[in-house]
Amino acid sequence: MSKKTRGKMNNYPVAIVTAAGSGIGEACARELAAREYKIVLISRTDSAATVAAELGGVGIRGSVTIDEDIKRVIELAMESYGRIDAVVNNTGHAPGSSTHTGRRYDHHADSHLLDISDEDWQRSLDIYFLNVIRMARHVTPQMERQENGGSIVNISAFAAMEPSYAYPASSTIRSALSGFTKLYADRYARAGIRMNNILPGYLENWEWSEDVLNSIPAARAGTLEEIAKTAAFLLSADAAYITGQNILVDGGVNRSI
């Protein structure tokens, strides 16, 4: 890409989205592209590159569990657009968590807590927590060099705030992510870099039982677009004074205040 072409593209904000080939990641990519972001996508399959091409961006195949792949997507963003304004750290599901039940509907879920192997705990740590550390480690220096800093949004889960036996690994490790997010937000706020977590509740991209749906005060599952719009807001200048926060987007499921 020529310097002249890159200069024209610098008028637009640039966003990296991980696990962007489907689900929440794809929804975030589409929402940001609609808001005139230049998008840089990564996923474990070629689907992110396909979505990126459709939206006028760039994408690669890679995993958030591999440090070199994180470096590659950052390099792709810099080579293509010369800056990185926003990051959405999204992942798939790790072992050791159910996607169809909650503690209040499975009275025996607690009996499986100690059945989770060390390997599954390690995989969950790798997917739900270390993905954010890797990205932050490599993207922060670039954001520090930029005049306007940057913003990072991590897709977490409502169980980070209200632990559930049905999601033991997610509950535990995403709670740790909340602690790191606060530390990071405090450390880099003066550099104009923000980090926040979105905690989705039950979403439409899974089939839920009637018991689960009836437990939601909003009386429905959330949409992927609702998560994506929340992410876009947190990445935008409209949220410039919001950092280090857990933002629940769960239709009222979480009972903590």
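Residues numbered from 1 in each chain as written. Predicted model: local features only at pLDDT ≥ 70, side-chain atom pairs only at ≥ 80, totals over all residues. Heavy atoms only, no water.

A. Up close: the layout of surface pockets. Computed from the structure, the largest pocket encloses a volume of approximately 860 Å³. In this structure, the largest pocket is lined by 40 residues; those nearest its centre are Asn90, Thr91, Gly92, His93 and Trp206. The set of elements that each furnish at least two residues to the lining of the largest pocket consists of helix H2 (23-34), strand S2 (38-43), helix H5 (118-145) and helix H6 (168-188). Taken together, the residues of the lining of the largest pocket sort by class into 17 nonpolar, 21 polar and two charged. For the second largest pocket, the calculated volume is near 260 Å³. Taken together, 15 residues make up the lining of the second largest pocket; nearest its centre are Asn148, Gly150, Leu235, Ser236 and Ala237. Of the residues in the lining of the second largest pocket, the class split is six nonpolar, six polar and three charged. (1 Å grid on protein atoms, 1.4 Å probe; cavity = no way out; pocket = protein on both sides within 12 Å on 5 of 7 lines; lining within 4 Å. Points joined across faces, edges and corners; volume = space filled by probe spheres on them. Helix = DSSP H or I, 4+ residues; strand = E, 2+ residues; numbered from the N terminus. Nonpolar A, V, L, I, M, F, W, Y, C, P; charged D, E, K, R; others polar.)

B. Looking closely at the environment of Trp206. Positionally, Trp206 belongs in the loop between strand S6 (193-200) and helix H7 (210-214). Distance in space between the C-alpha atoms of Trp206 and Gly23 is 10.0 Å, their sequence separation being 183 residues.

C. How the structure looks around the pattern of salt bridges. Enumeration according to the criterion identifies 13 salt bridges in this entry. Here Glu54 ties to Arg30 by a salt bridge, and the two come within 3.0 Å at their closest N and O atoms. Of the two residues, Glu54 sits in helix H3 (residues 47-54) while Arg30 sits in helix H2, which places them 24 residues apart along the sequence. Residue Arg220 is joined to Glu226 by a salt bridge in which the shortest nitrogen-to-oxygen separation is 2.7 Å. (Salt bridge = Lys/Arg side-chain N within 4 Å of Asp/Glu carboxyl O.)

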